[in-house]
Amino acid sequence: MRKKELRTVAAFHTTAAAMSAERLCRQEGLEGRLIPVPRSVTSDCGIAWSAPAELRDTLERRFREAGLEVAGIYLLSV
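Below, the structure is looked at part by part. (Residues numbered from 1 in each chain as written. Predicted model: local features only at pLDDT ≥ 70, side-chain atom pairs only at ≥ 80, totals over all residues. Heavy atoms only, no water.)

## Overview of the pattern of salt bridges
In total, this model carries six salt bridges according to the counting rule given. The residue Glu5 makes a salt bridge to Arg7 at a minimum N-O spacing of 3.9 Å. Judged by relative accessible area, Arg7 falls into the buried class, the value being 10%. Between Arg62 and Glu28 there is a salt bridge, with its nearest N and O atoms 2.3 Å apart. A residue pair is termed long-range when its members are at least 10 positions apart, and Arg62 in helix H2 (residues 56-66) and Glu28 in helix H1 (residues 15-28) qualify at 34 residues. You can call Arg62 buried: its relative accessible area is 16%. (Salt bridge = Lys/Arg side-chain N within 4 Å of Asp/Glu carboxyl O. Buried < 20%, exposed > 50% of the residue type's maximum accessible area, 1.4 Å probe, protein only. Helix = DSSP H or I, 4+ residues; strand = E, 2+ residues; numbered from the N terminus.)

Here it is in structure tokens:
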């Protein structure tokens, strides 16, 4: 079993927004991956972007600048 670690988890209203976030992060070399939304978070589409905790501010800024609508950004142990 994998050890849980503190991560930034961004949840989205739509699958299209989650896929756009993945594309943006890959283009900019930002570490992370798509995951199923953790049970402690509600999301319309069920997909979230998980990244290292220290990227929270960067992700919030980049998603806002790109016009991506985020349901919420959380720091969670996943």
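## A closer look at the nonpolar core
Formed by 16 residues in total, the largest nonpolar core has its most connected members in Ala10, Phe12, Cys25, Trp49, Leu59 and Phe63. Within the residue set of this core, elements represented by two or more residues are strand S1 (6-12), H1, strand S3 (47-52) and H2. Looking at this core element by element, the count peaks at five residues for H1. With residues up to four places along the chain from it excluded, the contact list for Cys25 reads Leu30, Trp49, Leu59 and Phe63. Among the nonpolar cores identified, the runner-up in size contains seven residues, and Val9, Ile35, Val41 and Leu76 belong to it. (Core = buried A, V, L, I, M, F, W, Y, C linked by side-chain atoms within 4.5 Å. Contact = heavy atoms within 4.5 Å.)

These values are about where atoms sit, not about what they do.
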